[in-house]
Amino acid sequence: RRRCGPHHDHLTTCLSQVARHMEANVSLNASGSNSTERGSTAADLGVINILTYVFLCAVTFGIGASVNIGDLKVVWRKRKVSFFIGLVSQYLVMPAAARLVSTVILRMPSRDAFAVILIGCCPGGATSNAFAYFAKADMGLSVSMTAVSNALAFGTLPLLLFIWTRGMDGGSDS
């Protein structure tokens, strides 16, 4: 039984080609030439941004297409403990780690610490699905976690921010 679906080889090939192209562009920038020497303009950067969004949408769609309804049903029926561990990690461990690192370990200013805690409270997204896909992990579990955590985010994000930012100085420190 193939875990990643029939489009796995094609999607992996496309993603590998894009990664090689991006590495080539990064090495050009790291070689010391700046964007104005190569003739890049703001319009070029706009095109790059649009292509990045299109690429991310294609990757997300491809990963979603690799999961069938049967995989999702298995998560709901037989993988409830794994799903619960994922929820606890998402809603307890991530925000707590963000608060610990930003305020205790790094002693960041309040605004910066708030930004880190905000990121720690946000639900998982396409990146976690991409990591799960390339690790050949349980895509049904990953997609289920993403769907549920994003659906719950309307209520959990304000609640988590309220909980994990309590006691922080609201002043404008720099």
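Residues numbered from 1 in each chain as written. Predicted model: local features only at pLDDT ≥ 70, side-chain atom pairs only at ≥ 80, totals over all residues. Heavy atoms only, no water.

Visitor: Please provide a residue-by-residue account of the packing of aromatic side chains, values included.
Guide: When we look at a pair of aromatic rings, we describe it by the centre distance and by the angle of the planes. Scanning all chains against the criterion turns up 2 aromatic pairs. When the centroid spacing of 4.9 Å and the interplanar angle of 50° are considered together, the rings of W76 and F83 count as tilted. On the basis of relative accessible area, F83 is assigned to the buried category, the value being 9%. Taken together, a centroid distance of 5.4 Å and an interplanar angle of 80° make the contact between Y133 and F134 edge-to-face. (Phe/Tyr/Trp six-rings, centres within 6.5 Å; stacked < 30°, edge-to-face > 60°. Buried < 20%, exposed > 50% of the residue type's maximum accessible area, 1.4 Å probe, protein only.)

Visitor: Could you give an account of unusual backbone geometry, naming the residues involved and the relevant values?
Guide: Even without a glycine there, the phi angle at R107 is positive, about 50°. Here R107 lies in the loop between α4 (80-105) and α5 (110-121). For R107, a relative accessible area of 68% gives the class exposed. Although it is not a glycine, K136 adopts a positive phi angle of roughly 55°. Within the secondary structure layout, K136 lies in the loop between α6 (126-134) and α7 (139-164). The class for K136 is exposed, based on a relative accessible area of 52%. (Helix = DSSP H or I, 4+ residues; strand = E, 2+ residues; numbered from the N terminus.)

Visitor: Can you lay out α6 for me, pointing to particular residues and giving the numbers?
Guide: Three or more residues of α6 are buried, namely N129, A130, A132 and Y133. End-on, the buried residues of α6 take up no more than an arc of 165°, which puts them together on one face. The exposed set on the far side of α6, more than 90 degrees from its buried face, consists of T127 and F131. Backbone geometry just downstream of α6 places K136 in the positive-phi region, at approximately 55°. (Arc of directions from axis to C-beta.)

Visitor: Can you lay out the confidence of the model for the protein chain for me, pointing to particular residues and giving the numbers?
Guide: Of the residues in the protein chain, 73% reach a pLDDT of 70 or more, and the chain-wide mean stands at 80. Highest mean pLDDT in the protein chain belongs to α4 (95); lowest belongs to helix α1 (residues 8-30) (54). Contacts for the low-pLDDT stretch residues 1-5, under 50 throughout, to residues beyond four places or in other chains number 11 contacts. Note on residues 26-30: pLDDT under 50 across the span, and 2 contacts to partners over four residues away in sequence or across chains. (pLDDT = per-residue confidence, 0-100. Contact = heavy atoms within 4.5 Å.)

Visitor: Lay out the environment of L141 in plain terms, naming residues and giving numbers.
Guide: Topologically, L141 is positioned in helix α7. Taking relative accessible area as the criterion, L141 reaches 15% and is therefore assigned buried. L141 sits 69 residues away from L72 along the chain, and the two C-alpha atoms are 7.0 Å apart. Sequence-distant contacts of L141, that is, excluding residues within four places in its chain, are made with V75, R79, S82 and F83.

Visitor: Help me get a handle on the pattern of salt bridges, residues and values and all.
Guide: Here the structure, examined in full by the defined rule, presents 1 salt bridge. Measuring nitrogen to oxygen at the nearest pair gives 2.2 Å for the salt bridge that ties D138 to R79. Of this pair, D138 sits in the loop between α6 and α7 while R79 is found in the loop between α3 (69-78) and α4, placing the two residues 59 residues apart along the sequence. The partly exposed category is assigned to R79, whose relative accessible area is 27%. (Salt bridge = Lys/Arg side-chain N within 4 Å of Asp/Glu carboxyl O.)

Visitor: Before we move on, can you summarise the state of the cysteines with the specific residues and values?
Guide: According to the stated counting rule, one finds 0 disulfides in the structure shown. Among the cysteines around C121, which has no disulfide bond, C122 carries the closest sulfur, lying 7.3 Å off. Using a relative accessible area of 1% as the deciding quantity, one classes C121 as buried. (Disulfide = S-S within 2.5 Å.)

Visitor: Go over the nonpolar core, please, and point to the residues and values.
Guide: In terms of nonpolar packing, the biggest core is built from 15 residues, with F83, L87, I117 and C121 touching the most fellow members. Mapped by element, the contributors of at least two residues to this core are α4, α5 and α7. No other element matches α7, which puts 6 residues into this core. Dropping the residues within four chain positions of it, L87 is found in contact with L92, M145 and V148. Formed by 7 residues, the second largest nonpolar core is a distinct cluster that contains V67, A132, Y133 and M139. (Core = buried A, V, L, I, M, F, W, Y, C linked by side-chain atoms within 4.5 Å.)

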